Each structure stands twice: as C-alpha cells, then as structure tokens.
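Chain by chain, the residues:
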Amino acid sequence: MDKESPVTASRRPGKLHLNAFLMTIGHHESAWRFPESNLTGTWDVAHYRHLARVAERGTFDSIFFGDGPALQGDIRYRPVGRLDPTALLPALAAVTERIGLVATASTTYNEPYNLARRFATIDHISGGRAGWNIVTTAGSDAAQNFGLDEVPEHRHRYERAAEFVDVCLKLWDSWEDDFLIGDKATGRFADGDRIHRIDHEGRFFRVRGPLNVPRTPQGHPLLVQAGSSEDGREFAAQYAEAVFTAQQTLAEGQAFYADLKRRAAAFGRNPALVKILPGIVPVLGGTEEEARRREDELAELQVPAYGLKQLSGLIGVELTEADLDRPLPPVADVKAVRGMQSRFALVTDLARRENLTVRQLLARLGGGRGHRTFTGTPEQVADTIEEWFTHGAADGFNVMPPLLPSGLEAFVDHVVPILRRRGLFRAEYEGTTLRDHYGLPRPENRFALRRAAGGQAAGALSAGR
C-alpha cells in the first residue's frame, strides 16, 4: 500500500485527467539504445496498437501524437520521422473502444477544408473520440518543404491559425444534427434547409462549404493547443479545450494555470472547461536508488552531438563540444525568436535559474525537451501529480514515458492504481466520447441556434440551389 498522501488536506473536487503522449519508442533521446527497444517501432503500427491498449487499460482520457511536416532531429543519432497521425488514428480506433485519440496537425501547412474533413472522418470512425492538437509549426525545415525560404513570423502564424480554426468550426457546423429525413416512400433523403454553405471570406481563406461529411458524434473534435508564448496563450484561451504545456516548478505551473484561466474568462468562456495538462516525464524505479540508476543510464547513453544540434537550433547560437562544460552563452531576446518562443524561454530560464552547464542542460532536456522530468518511486510520482493537481497548477498531466512501451506499462501498473486509491482518478470510463472523459459538453450548432432564435438559415441547400 502506498504511503498516506501528503496533500490530502487540500483535496479539490473532481478527478484529474491523464493523456499519454506517445512519441515513437520513448521520449528520451537515448531510448532506442536500450536492449528492450524495437528499433523500427517508430514506423510499426503494431507498436502503437499495443500502446493504445495499455493506455486504455489505464483508463487514460486520451493518447496523443505530435507531428511536423519535416524530418525533425538528426537520424544519425536517434530514430526520427513518424507516421502521419491523422492516418494512424483510424487504425488505433479499430483496436480500442473508449480512449480518446488526439493528433497534431499544422494550420500553417494545411487548408481548413481538407483538415476539417479529415478530423470529422476520424471522429465518425472512432465513435466520437477524436481530438486535434492545433500547432502553427516553427522551423525552417518545414517551411522549405512548402516552397518558403523561412518560417512565417510568429504573430502571422497565429493570426492564420485563428482564422483556420474559425473556418473549421463553421464547416463542422455546416450540417445540423437533424438534417436526415430518410423517407423512402417520397424520395426525400435530407432537409436541405439544415445543410449550409459557410461562405467564409477572410484575410487568409475563402471557403464556400458545406463540408461533405455530416456533423460528428462530438459536434466537433476536441480542440487541443500546446503553445505557451503570449500569442499561444491568447489562442488557447480563445479556442482550446485542453492545453498541453511545459512548466518546471509548481510556482510556474500555478502562474500559467491562473493566467490561462483568467484569459479564458476574458473571452467569455467558462475557465473550468479549459483543461490544463503540463507534461511530466516519469523515470520510475521500485526504490529511489533504482530510479536514479535508470536516470543515470539514460543520460550516459546520450550522444552529445545530437543534443548540441537540437539546442543550437532552439536558441539560435551554434554550440560545439567545446561548450559542454561552460554556461549557456548569451542568447537573443525571446521576442526576436521566429520559432518556438515558449520553449526557448523555458530552456534558457532553466539554464540561468539553476546555473547549468551546457552538458547538464542537455541531460535535463534529453527526456522531455523542457518538460518536467521527475525521477522516483510510483508513490513519489503520484505525490507530485497530486500536489500540482490539488494546488492549482494542473487539471491533469500529459504523461511522457522516457521508454516505450515499458515506461507506459510501468505507469499504468504502478502509478495509476495509487491515484485511484487516493480518489484522484477514475477506475473505469463513465462515458464513450473524448468530451465525456474531459467533462466537456457537446457544442451547440450555430445554424440550429440561429434557427431557434428565428433568424434566417444562411446558405441553406434548399431545393433549386
């Protein structure tokens, strides 16, 4: 039995949420060097089917896949590249029943109609379990795959993203729920007054509509966002229903949590319906000593050349092995960064706050790229999860196992039971959709609301149109 929770006195109502961030064969950059690792698991659908089943056995709210339209990282030193998650999710829907399925897709390198249709299809296939992690995609490698010399400016990307999401929401609403007539005797299949053009004309997009897929079981897929810059926070406060974020300390987590909830309220949203899930990389052991040995083993297998290249790209300063035992050199102001501003700030703040050498910083980043790594026993991991949850720093966690599948299996078998015994996490699923798991309502249809208010049904596909 686990020890008594140290934060029971400050129990908050409700259950926490857990999402499993499934990155290839593990989040740690040296994961592939362990004997247990499947070198080709990154591209093996059987590997992901197994992980999805494990997470569902642990009654996780969802599983999540990152993505980007470029070969990210250095394949000389670790497995990089990945399957398109929007194509992978239907294969995982077929072998699971309840767990949510979240895929990343870029608003910079897609068009709203195609992406809205793709996620609507996944939501239908899965019975209402689809989620979209909305990203604007930093990095010149991706830009150059789409005919651009450099990544678009940060604010420009978020302005495009806002209009992109607005278009998708209109398209997902373009079919009212009660469109179907289905009268075989008269030959009337659908009510054209309940299917609508959206006639969107904006700065970035012109989209006529309607979508060619009916409204989905969830109304529209769960909207997830993962940026913590100023633009990212404003975007999340306006649109996101779940926010994947990265903070290193409880105080930082509390500050981000309070700030984002305040911003959501300023947009007229109920802050309780915006779920905030910081990332945690749990390095588990039966004892503290065992967990520390695993952490040391992961660090010893890192290849400095890989980490130096990744860190150089993030901070915009070319680092070499001669810099390993020196402090991080001076870097630009975060506002001058065209790429991942929030991650840039997190990493540079971590290095300065703890006076880390470049070598020490690489060790800290090897498992979570700036997300919080916690090393300890299952009880200690449960303690830190409970502390953040009960002290206003998180509604749940984005669990990022350093090794896969063993890290996820260990979390499900040893941490989840402790959270259940403490009354913090569900013992079984209570609903069928991803919105059910996150305690979120099904959104109302804008055209149906307009009809109910006596307004004209704009763009209806009535007879003769």
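K.L.:
How should the packing of helix H5 (residues 154-172) against helix H6 (residues 230-239) be read in this particular structure?
P.N.:
Packed helices, taken two at a time, are described by the angle their axes make and the gap between the axes. Closest axis-to-axis distance for the H5/H6 pair is 10 Å, and the angle between their directions is 10°. Comparing the axis directions of H5 and H6 gives the class roughly parallel. Contacts between H5 and H6 involve His154, Arg155, Tyr158, Ala161, Ala162, Val165, Asp166 and Leu169 from the former and Asp231, Gly232, Phe235 and Tyr239 from the latter. Here the residues of the contact of H5 with H6 are counted per class, giving seven nonpolar, two polar and three charged.

K.L.:
Help me understand the packing of aromatic side chains in this model?
P.N.:
Here the distance between the centres and the angle between the planes together describe a pair of aromatic rings. With the rule as written, the count across this model stands at 14 aromatic pairs. Centre to centre, the rings of Phe64 and Phe244 are 4.8 Å apart; their planes meet at 55°, and the pair counts as tilted. One end of the pair, Phe64, is in strand S2 (residues 62-65); the other, Phe244, is in strand S10 (residues 242-245), with 180 residues separating them in the sequence. You'll find Phe64 and Phe244 in the same group, each marked buried. The interplanar angle of 20° and the centroid separation of 4.6 Å between the aromatic rings of Tyr109 and Phe146 together place this pair among those described as stacked. In this pair, Tyr109 sits in the loop between strand S3 (100-106) and helix H3 (112-126) while Phe146 sits in the loop between helix H4 (140-144) and H5, placing the two residues 37 residues apart along the sequence. A relative accessible area of 10% means that Tyr109 is categorised as buried. Phe146 gets classed as partly exposed once you look at its relative accessible area, which sits at 42%. An aromatic cluster is built from Phe119, Trp132, Phe164, Trp172, Phe204 and Phe205, whose rings are joined through pairwise contacts.

K.L.:
What is the right way to look at the nonpolar core in this model?
P.N.:
Within the largest apolar cluster, 73 residues are counted, with the highest numbers of intra-cluster contacts made by Leu18, Phe60, Ile63, Trp132, Trp172, Leu408 and Phe411. The leading source of residues in this core is H5, at 10 residues. With sequence-adjacent residues up to four places away left out, Trp172 is seen in contact with Ala116, Phe119, Ala120, Trp132, Leu211, Arg215, Gly219, His220, Pro221 and Leu223. Counting 15 residues, the second-largest nonpolar core is a separate cluster that includes Ala246, Leu319, Leu346 and Val347.

K.L.:
Which parts of the structure should I look at to understand unusual backbone geometry?
P.N.:
A negative phi angle characterises most non-glycine residues, just as the trans form characterises most peptide bonds. In this model, Gly209 is joined to Pro210 through a cis peptide bond whose omega is 0°. With an omega dihedral of 10°, the bond running from Leu404 to Pro405 counts as a cis peptide bond. When you line up the elements, Pro405 lands in the loop between strand S13 (396-399) and helix H13 (406-421). Notably, Thr24 is not glycine yet its phi reads approximately 45°, a positive angle. Relative to the assigned elements, Thr24 resides in the loop between strand S1 (17-21) and helix H1 (45-57). One non-glycine residue with positive phi stands out, namely Asp199, at about 45°. Residue position: Asp199 is located in the loop between strand S6 (188-190) and strand S7 (200-201). Taking the relative accessible area as the measure of exposure, Asp199 reaches 43% and is therefore partly exposed.

Calculation criteria
- Residues numbered from 1 in each chain as written.
- Predicted model: local features only at pLDDT ≥ 70, side-chain atom pairs only at ≥ 80, totals over all residues.
- Heavy atoms only, no water.
- Axes fitted to C-alpha atoms, helices over the stretch in contact; angles between N-to-C directions.
- Helix = DSSP H or I, 4+ residues; strand = E, 2+ residues; numbered from the N terminus.
- Parallel < 35°, antiparallel > 145°, perpendicular 65-115°, else oblique.
- Contact = heavy atoms within 4.5 Å.
- Nonpolar A, V, L, I, M, F, W, Y, C, P; charged D, E, K, R; others polar.
- Phe/Tyr/Trp six-rings, centres within 6.5 Å; stacked < 30°, edge-to-face > 60°.
- Buried < 20%, exposed > 50% of the residue type's maximum accessible area, 1.4 Å probe, protein only.
- Core = buried A, V, L, I, M, F, W, Y, C linked by side-chain atoms within 4.5 Å.

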